[in-house]
Number of protein chains: 2
Amino acid sequence: MCEQNFCYRYPHPAVTADCVIFGFDGVSIRVLLIQRGIEPFKGRWAFPGGFMKINETAEECARRELEEETGLKNTAVEQFHTFSDINRDPRERVITVAHYALVRLSEVKGGDDAASAHWFAMDEVPSLAFDHDLILRVAVNRLKERICFEPIGFELLPEVFTMTELQNLYEAILEVKFDRRNFYNKMLKLGILTEAEPRPANASRRTPTKYRFNDGKYAELKQKGFRLEF
Amino acid sequence: MCEQNFCYRYPHPAVTADCVIFGFDGVSIRVLLIQRGIEPFKGRWAFPGGFMKINETAEECARRELEEETGLKNTAVEQFHTFSDINRDPRERVITVAHYALVRLSEVKGGDDAASAHWFAMDEVPSLAFDHDLILRVAVNRLKERICFEPIGFELLPEVFTMTELQNLYEAILEVKFDRRNFYNKMLKLGILTEAEPRPANASRRTPTKYRFNDGKYAELKQKGFRLEF
DNA sequence: AATTTTTAGTGTAAAAATTACGCAAACAAT
DNA sequence: ATTGTTTGCGTAATTTTTACACTAAAAATT
């Protein structure tokens, strides 16, 4: 029998933090899941996450669990909703502060930790543990809203990318199609892209221009109150 | 000495729900605060809120506490952020799921419950208990974002209102000034306003047209994917 | 080797949305 | 009586958004 050393005058729920990690494979948005090794929901897929320690914030917890379970270090996570349905965990009353982050697929090394981690395309995601199906739906909605106002999409691309890759990303997230020329014009007019290398003189038409995201320009524009929109 | 009947193997934080309630007095945005009757922060002002019961969700808790402390019944609250800093409550580790709602000033009756409740104009809000100053800042930002995309503002006005009152509301929330004619045109073009009563024939110029918010039209437009913006 | 398909780059005209702006009548305050 | 504030109303100029076609190079197919 285990000791139950932490006693309170009133019942306390347990608190967890979960992480919805989005990636991009060039065509589809993917989400990073881990396969549960223990009950409940043993064998089912779920988001990385776990119980909050008494001396860490929800965000610190999310980042710690993420590293422990997938090897991802120093990931900027952002909380998006707290789920508190009464029976969402069969063990005891658990509320979870759900976070999301955007990560390049390449950042997840296939180490020990990440043994059971896998990137699922959005249309291949199986039925998840706990209420994680619901959490995913909410996260996707939040991602769509967010990408319209902040250039978070760049966190999903390699440092240097082509305009077509960027367009594919936006189309994958928003599930719409853009006219290529209008997308080019709009993106370039925003002024947050820099050509990665001067286009060589001998560049053929077929060789696309490479861009990188210009943090400095973005910070500058943001301060003046600027709006990214699609 | 009190009994400590609820024991766990690991430490559990306490969980509360707090409510940032916004109102509008015709000129300024106001926020509903209650004066704390007990320690900690006895005598200081704070948001209505309190400890979550083990068999209620965070939202249910927010609504229950709101009614208990201010008499406001059946208020549609929406969670906007969970605050989990380690020392935000001197008693024990407490995380709070913060909610906000928009309410007409008139809905708060001066009953027993609300004895210590008071509507503060935003520029008169005193230094608050706990981390409620921070919570308020976050709530105001969220309100500004939200008002741009959903017509939540109407929840703050009487059922029937003039265009000028509506403009004052938007200007108070967003802290900007609009051109009166452009605001009129934009609002009317959205199609979510109905004239409350046909303007009497003898109406003088000086008698403003009264409008009401048209829920049906709004639901219709929303379904087609429509965007309210300012 | 020839043919077909795919991709990248580029610009403009039309339509729609946004902005700036003035006036006359009614009422209120002085 | 005078002054200042409030309401209703509409248009012209500007800006933004949208729709849309061709060429050359490379890759894939035959």
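Look up: the structure comes first, before these words.
Notes on the structure follow. Everything numeric in this text was worked out from a predicted model, so none of it was measured.

Criteria and thresholds
Residues numbered from 1 in each chain as written. Chains lettered and ligands numbered in written order. Predicted model: local features only at pLDDT ≥ 70, side-chain atom pairs only at ≥ 80, totals over all residues. Heavy atoms only, no water. Near = heavy atom within 4 Å. Polar contact = N/O pair within 3.5 Å; in protein donor to acceptor, adjacent residues only side chain to side chain. Helix = DSSP H or I, 4+ residues; strand = E, 2+ residues; numbered from the N terminus. Axes fitted to C-alpha atoms, helices over the stretch in contact; angles between N-to-C directions. Parallel < 35°, antiparallel > 145°, perpendicular 65-115°, else oblique. Contact = heavy atoms within 4.5 Å. Nonpolar A, V, L, I, M, F, W, Y, C, P; charged D, E, K, R; others polar. Pairing = 2+ DSSP bridges.

### Some thoughts on the protein's contact with DNA strand C
Next up, step 1: Taken together, 16 residues sit near DNA strand C, with Arg180, Tyr184 and Thr209 of chain A together with Arg181 and Arg206 of chain B positioned nearest.
Next up, step 2: Sugar plus phosphate, as a fraction of atoms of DNA strand C within 4 Å of the protein: 41%.
Next up, step 3: Arg180 of chain A is positioned such that a nitrogen or oxygen atom in its side chain is 2.9 Å from a base nitrogen of DNA strand C.
Next up, step 4: Within the contact set of DNA strand C, a sugar or linking oxygen lies 3.0 Å away from a side-chain nitrogen or oxygen of Arg206 of chain A.
Next up, step 5: Listing elements by their share of the surface near DNA strand C, those giving two or more residues are α4 (180-190) of chain A together with α4 (180-190) of chain B.
Next up, step 6: In terms of residues, the surface near DNA strand C owes the most to one element, α4 of chain A, which gives 4 residues.

### Some words on the packing of helix α3 (residues 163-174) of chain A against α4 of chain A
Axes are the key here: two packed helices are described by the angle between their axes and the distance separating the axes.
All names here are of chain A.
Next up, step 1: Orientation of α3 relative to α4, taken along the N-to-C sense of each, is 100 degrees, at an axis distance of 11 Å. Judged by the inter-axis angle, α3 sits roughly perpendicular to α4. Residues Met163, Thr164, Leu166, Gln167 and Tyr170 of α3 touch α4, and the partners they reach there are Arg180, Phe183, Tyr184, Met187 and Leu188.

### Thoughts on the protein's contact with DNA strand D
Next up, step 1: Ser204, Arg205 and Arg206 of chain A together with Tyr184 and Thr209 of chain B are the nearest of the 16 residues found near DNA strand D.
Next up, step 2: One of the side-chain nitrogen or oxygen atoms of Asn182 of chain A is found 3.0 Å away from a base nitrogen of DNA strand D.
Next up, step 3: One of the backbone N or O atoms of Thr209 of chain B is found 2.6 Å from a phosphate oxygen in DNA strand D.
Next up, step 4: Mapped by element, the contributors of at least two residues to the surface near DNA strand D are α4 of chain A together with α4 of chain B.
Next up, step 5: Residue composition of the surface near DNA strand D, by class: 2 nonpolar, 5 polar and 9 charged.

### Quick look at the sheet that holds strand β11 (residues 210-213) of chain A
In a beta sheet, neighbouring strands pair by backbone hydrogen bonds and run either parallel or antiparallel.
Residue and element names in this part refer to chain A.
Next up, step 1: Here we have 3 strands laid out as an open sheet, ordered β9-β11-β10, and antiparallel in their pairing. A strand with exactly one partner marks an edge of an open sheet, and here the two such strands are β9 (160-162) and β10 (193-195). Taken pair by pair, the neighbouring strands of this sheet meet at an average axis angle of 45 degrees, ignoring direction.
Next up, step 2: Pairing of β9 with β11 involves 3 bridges; the strand directions are antiparallel. Paired with Phe161 across the two strands is Tyr211, which belongs to β11.
Next up, step 3: Against the sheet, α3 contacts β9, β10 and β11, and its axis sits at roughly 80 degrees relative to β9.

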